[in-house]
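Notes for the structure review
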Amino acid sequence: MFEQVKLTYDFNALEPHIDELTMLTHYGKHHAAYTNNLNGAIEKLPSLKGKTIEEILMDLDAIGDSALRTTVRNNGGGFYNHNLFFATLSPKGGKEPGGDLGKQIQSDFGGFEELRKTLTTHAASVFGSGWAWLSTDKDGKLLVSSTPNQDNPLMTHGGKLTPIFGIDVWEHAYYLKYKNVRADYVNALFNVIDWEKVAELYQQAL
Ligand code: MN3
């Protein structure tokens, strides 16, 4: 059974940047539904039992039944992506990344402001629903990319990239507060990104 990540903060703790009702709906309805649907699909796929979600998403072709493959892609992606998303937000966030991650951002992007611009541009350019990603390869090189729907870099790069942070740009992530103005949401989100957690995930991915 896959389980939603436990939040380390209250639903209203990311106010005013991310409002309480959006958090309640996003975590309690959308993420919960992805998780339930994933677990339901896995029940029908005994060969996947015991595998990690990363292993499953990197090898979707192993699922022969195309309807079940689509279900696992969408809901397994949704489960994994939101676990990462919610784990890398914090009311104490918003500082700049330091340590090895900070140094790598400097060398790969020329500084945090440049990374922020690149992530923001990718978030803005997703047409419809999707994600903007910060990922690392095994050598620690960072890459920004975007995906449609609930796809992620585990799927698009066949295990060569590990996502360490993602910006959810589905309308459900921001519409209650920001309406159609995705750019304001992305801007506000930077106030609650837990870069210490992202740095931890960066080290783990190497
Ligand atoms: Mn979402």
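1. Concerning the domain arrangement of the protein
Quoted interface sizes are often the accessible area lost when the parts come together. The domains assigned to the protein are domain 1 (20–87) and domain 2 (99–205). Relative placement of domain 1 and domain 2: their C-alpha centres are 20 Å apart. On the side of domain 2, 24 residues touch domain 1, which itself brings 20 residues to the contact. Buried surface at the junction of domain 1 and domain 2, summed over both partners, amounts to about 1,700 Å²; 65% is from carbon and sulfur atoms. Scanning the region where domain 1 abuts domain 2 turns up one salt bridge. The partner of Arg73 in a salt bridge is Asp151, with the nearest N and O atoms 2.8 Å apart. Taken together, the connections running from domain 1 to domain 2 amount to eight residue pairs in polar contact (both at pLDDT 80 or more).

2. Re the sheet that holds strand E3 (residues 162–168)
Across the sheet, which stays open at both edges, the three strands sit in the order E2-E1-E3 with antiparallel pairing between neighbours. The two strands at the open ends of the sheet, each matched to only one other strand, are strand E2 (142–148) and E3. Geometrically, the sheet is characterised by an average inter-axis angle of 25 degrees between neighbouring strands, direction not taken into account. Pairing between strand E1 (residues 130–136) and E3: six bridges, direction antiparallel. What sits directly across from Ala132, in E3, is Ile167. Here helix H9 (residues 195–205) sits on the sheet and contacts E1, E2 and E3; the angle it forms with E3, its principal contact strand, is near 150 degrees.

Conventions used here
Residues numbered from 1 in each chain as written. Predicted model: local features only at pLDDT ≥ 70, side-chain atom pairs only at ≥ 80, totals over all residues. Heavy atoms only, no water. Domains from an automatic or database assignment. Contact = heavy atoms within 4.5 Å. Buried area = accessible area lost by both parts, 1.4 Å probe. Salt bridge = Lys/Arg side-chain N within 4 Å of Asp/Glu carboxyl O. Polar contact = N/O pair within 3.5 Å; in protein donor to acceptor, adjacent residues only side chain to side chain. Pairing = 2+ DSSP bridges. Helix = DSSP H or I, 4+ residues; strand = E, 2+ residues; numbered from the N terminus. Axes fitted to C-alpha atoms, helices over the stretch in contact; angles between N-to-C directions.

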